[in-house]
Amino acid sequence: LPRHSFDCVITRAVGSIKHVLELSLPYVKKDAQIILMRGRTGAVNIDELEFPNAPKLMKEINLILPYGGQDRKLLIFKPEVS
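All values derive from a computational prediction rather than experimental measurement.

### What to know about the pairing of strand β1 (residues 6-12)
Next, step 1: For β1 and strand β2 (residues 28-39), the ladder comprises six bridges, and the chain directions are parallel. Looking at the pairing, R12 lines up with M37 of β2.
Next, step 2: Handedness of the crossover joining β1 and β2 through helix α1 (residues 17-24): right-handed.

What follows is the structure, given as structure tokens:
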């Protein structure tokens, strides 16, 4: 995959927040978004966001999935511009 060429990365239930962000960062443009879907217990652990070039958490959105009513959380990150 070409590096720094994607506008958005969307993941669902892949791994820890830190691991998913570290895997995603090489592939997104600087003005991109990284969107993670987490379960209802997908609260952000601030310690997970402290690593070199960590993206900034821009927004948390709580939602309920249709056809089942499960609680989910979308976490929207933006890479730090250097």
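### Details of the side chain of S24
Next, step 1: With respect to the helices and strands, S24 occurs in helix α1.
Next, step 2: Here S24 falls in the buried class, since its relative accessible area comes to 6%.
Next, step 3: If sequence neighbours within four positions are ignored, S24 has contacts with V9 and I34.

### Here's the deal with the environment of A13
Next, step 1: Secondary-structure assignment places A13 in the loop between β1 and α1.
Next, step 2: Of the residues examined, A13 reaches a relative accessible area of 65% and is grouped as exposed.
Next, step 3: Residues A13 and L36, spaced 23 residues apart in sequence, show a C-alpha to C-alpha distance of 8.1 Å.

### Remarks on the sheet that holds strand β3 (residues 56-64)
Consider a sheet: its strands pair through backbone hydrogen bonds, and that pairing is either parallel or antiparallel.
Next, step 1: Taken together, four strands build an open sheet; the order of strands is β1-β2-β4-β3 and the sheet is mixed. Unpaired on one side and paired on the other, β1 and β3 mark the two borders of the sheet. Adjacent strand axes in the sheet meet at a mean angle of 15°, parallel and antiparallel pairs treated alike.
Next, step 2: Along the sheet, α1 makes contact with β1, β2 and β4 (71-78), crossing β2 at roughly 150°.

### Concerning the pattern of salt bridges
As a working rule, side chains carrying opposite charge can pair if their charged atoms are close by.
Next, step 1: Here the structure, examined in full by the defined rule, presents two salt bridges.
Next, step 2: As a salt-bridge pair, E60 and K73 come within 3.3 Å of each other at their nearest N and O atoms. Of this pair, E60 sits in strand β3 while K73 is found in strand β4, placing the two residues 13 residues apart along the sequence.
Next, step 3: Taking relative accessible area as the criterion, E60 reaches 41% and is therefore assigned partly exposed.

Criteria and thresholds
- Residues numbered from 1 in each chain as written.
- Predicted model: local features only at pLDDT ≥ 70, side-chain atom pairs only at ≥ 80, totals over all residues.
- Heavy atoms only, no water.
- Pairing = 2+ DSSP bridges.
- Helix = DSSP H or I, 4+ residues; strand = E, 2+ residues; numbered from the N terminus.
- Right-handed = clockwise from strand over helix to strand, strands pointing away.
- Buried < 20%, exposed > 50% of the residue type's maximum accessible area, 1.4 Å probe, protein only.
- Contact = heavy atoms within 4.5 Å.
- Axes fitted to C-alpha atoms, helices over the stretch in contact; angles between N-to-C directions.
- Salt bridge = Lys/Arg side-chain N within 4 Å of Asp/Glu carboxyl O.

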